[in-house]
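# Architecture at a glance
Each chain, written out:
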Amino acid sequence: MLLLALMRLGDDAYGVTIARELEKQTGREVVVASIYASLDRLQDRRLVASRLGDATPERGGRAKRYFRITGAGISEVRDARRSLMNLWNGLPELKGEKA
Amino acid sequence: MTLKHPPGAATWLLKHLGSGQDSDAILGDLAEQYSQKDSAIWYWRQTMKAIPISYVREIRRGQIPRLRALGISLMTIVLIVLLVSDIDSFWKIGLASALGGVFVGVMMFLRGDSHEVMAGPNPIGDVRIDSSKIPVRGGIGAGILIVVLLSGVLVALPELRLLAAMALLAGVAFGGLLFIWRRHHAP
């Protein structure tokens, strides 16, 4: 889900925008620190990369940390999508709608 | 436009109790969101959840500072002792030992998991003896627990003082041997 959010946000992916995107898509409040913890693990696996951005007064003079998905991350998303599609295709039709 | 300042106490707690390389970025993100949401409850909820998350991250990466680890260990022991202060000293020590063992075991388990992720040779300073590795920071944590527990024995059970002193000496000797071993065999 995080990797998809990074893909949707493009160059503007940092803590606040990622949290907003996830809250918009899931309808649940997101803990900002948990985003960094998950991105940290993804960065260890070289699926995402990060860089420090600019600081603004509304952030108390603190720099933003921008994230972007790497080539390996995009491959991972494709693999996950393929697996999910295979799983969905194997399901019978759900009540009232197609699987 | 006037800037809204988030609750100072919550910021102070996250800045001093929370840690990790992203703590500045997290504080910045929270300040930016606070200026739009203007909800102190939301800000407190975010900061209080961020502190334990930052500890789990540090333990997972084996980066928890020694002094903080010592503080957490001592606070945990004090809390345990306060919670079980109405039971017999013998059982108190036994319970504290068991909980301490579980704590150290969990830390080692989490650190073991991070070995696969971290790159480079011997990234966290483990000591290799035969085929097993002893994490240095885990060893320090275990050593602190042993010293505290033995101090408890010395105070509460005077008849065991000789045994406790011998165990303490043995622990110091073992630690010294590990230190010498590491100096001569570290890659």
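To be clear, the structure that these remarks concern was listed above.
Everything in this summary refers to the structure shown in the same document. (Residues numbered from 1 in each chain as written. Chains lettered and ligands numbered in written order. Predicted model: local features only at pLDDT ≥ 70, side-chain atom pairs only at ≥ 80, totals over all residues. Heavy atoms only, no water.)

A few words now on the overall build of chain B. For chain B, the helix and strand inventory stands at 7 helices and 2 strands. Across the 187 residues in chain B, those meeting the buried criterion constitute 32%. For chain B, restricting intrachain contacts to residue pairs at least 6 apart in sequence, the fraction spanning at least 24 positions comes to 61%. Carbon and sulfur atoms provide 70% of the accessible area of chain B, an area that totals close to 11,500 Å². (Helix = DSSP H or I, 4+ residues; strand = E, 2+ residues; numbered from the N terminus. Buried < 20%, exposed > 50% of the residue type's maximum accessible area, 1.4 Å probe, protein only. Contact = heavy atoms within 4.5 Å. Areas by Shrake-Rupley, 256 points an atom, 1.4 Å probe, with all protein chains shown as cover.)

Below, the discussion takes up the interface of chain A and chain B. Each partner contributes to the interface: chain A provides 24 residues, whereas chain B provides 27 residues. Across the chain A to chain B interface the summed buried area is about 2,400 Å²; carbon plus sulfur atoms make up 49%. Our enumeration of links across chain A and chain B arrives at 5 salt bridges. Across the pair R65(A) and D22(B) runs a salt bridge whose closest N-O atoms are separated by 3.5 Å. Across the chain A-chain B interface, the total number found is 9 residue pairs in polar contact (both at pLDDT 80 or more). The set of elements that each furnish at least two residues to the side of chain A that touches chain B consists of helix 2 (15-26), helix 3 (32-44) and strand 2 (63-69) of chain A. The leading source of residues in the side of chain A that touches chain B is helix 3 of chain A, at 8 residues. For the side of chain A that touches chain B, the residue count by class is 11 nonpolar, 2 polar and 11 charged. (Buried area = accessible area lost by both parts, 1.4 Å probe. Salt bridge = Lys/Arg side-chain N within 4 Å of Asp/Glu carboxyl O. Polar contact = N/O pair within 3.5 Å; in protein donor to acceptor, adjacent residues only side chain to side chain. Nonpolar A, V, L, I, M, F, W, Y, C, P; charged D, E, K, R; others polar.)

For the rest of this paragraph, the subject is the nonpolar core. By size, the foremost hydrophobic cluster in this structure holds 34 residues, and its most contacted members are I18(A), I35(A) and L39(A). Within the residue set of this core, elements represented by two or more residues are helix 1 (2-9), helix 2, helix 3 and strand 2 of chain A together with helix 1 (8-17), helix 2 (23-37) and helix 3 (40-61) of chain B. The biggest single contributor to this core is helix 3 of chain A, with 6 residues. (Core = buried A, V, L, I, M, F, W, Y, C linked by side-chain atoms within 4.5 Å.)

Note on placement: V16(A) falls in helix 2. Given a relative accessible area of 0%, V16(A) falls into the buried group. Considering only alpha carbons, one finds V16(A) and V32(A), 16 residues apart in sequence, at a separation of 7.6 Å. In this structure, V16(A) is in contact with R59(A), D29(B), E32(B) and Q33(B), ignoring residues within four places of it in sequence.

Next up on the list: unusual backbone geometry. One can expect most non-glycine residues to show negative phi and most peptide bonds to be in trans. Positive phi, close to 60°, is recorded for R46(A), a residue that is not glycine. Topologically, R46(A) is positioned in the loop between helix 3 and strand 1 (48-55).

Below, the discussion takes up helix 3 of chain A. Residues and elements named next belong to chain A. Between its first and last C-alpha, helix 3 extends 19 Å over 13 residues, near the 18 Å set by a 1.5 Å rise per residue. Of all the positions in helix 3, only V32, A33, I35, Y36, A37, L39, D40 and L42 are classed as buried. Following helix 3 by one or two positions, R46 adopts a phi angle in the positive range, close to 60°. (Expected span 1.5 Å × (residues − 1).)

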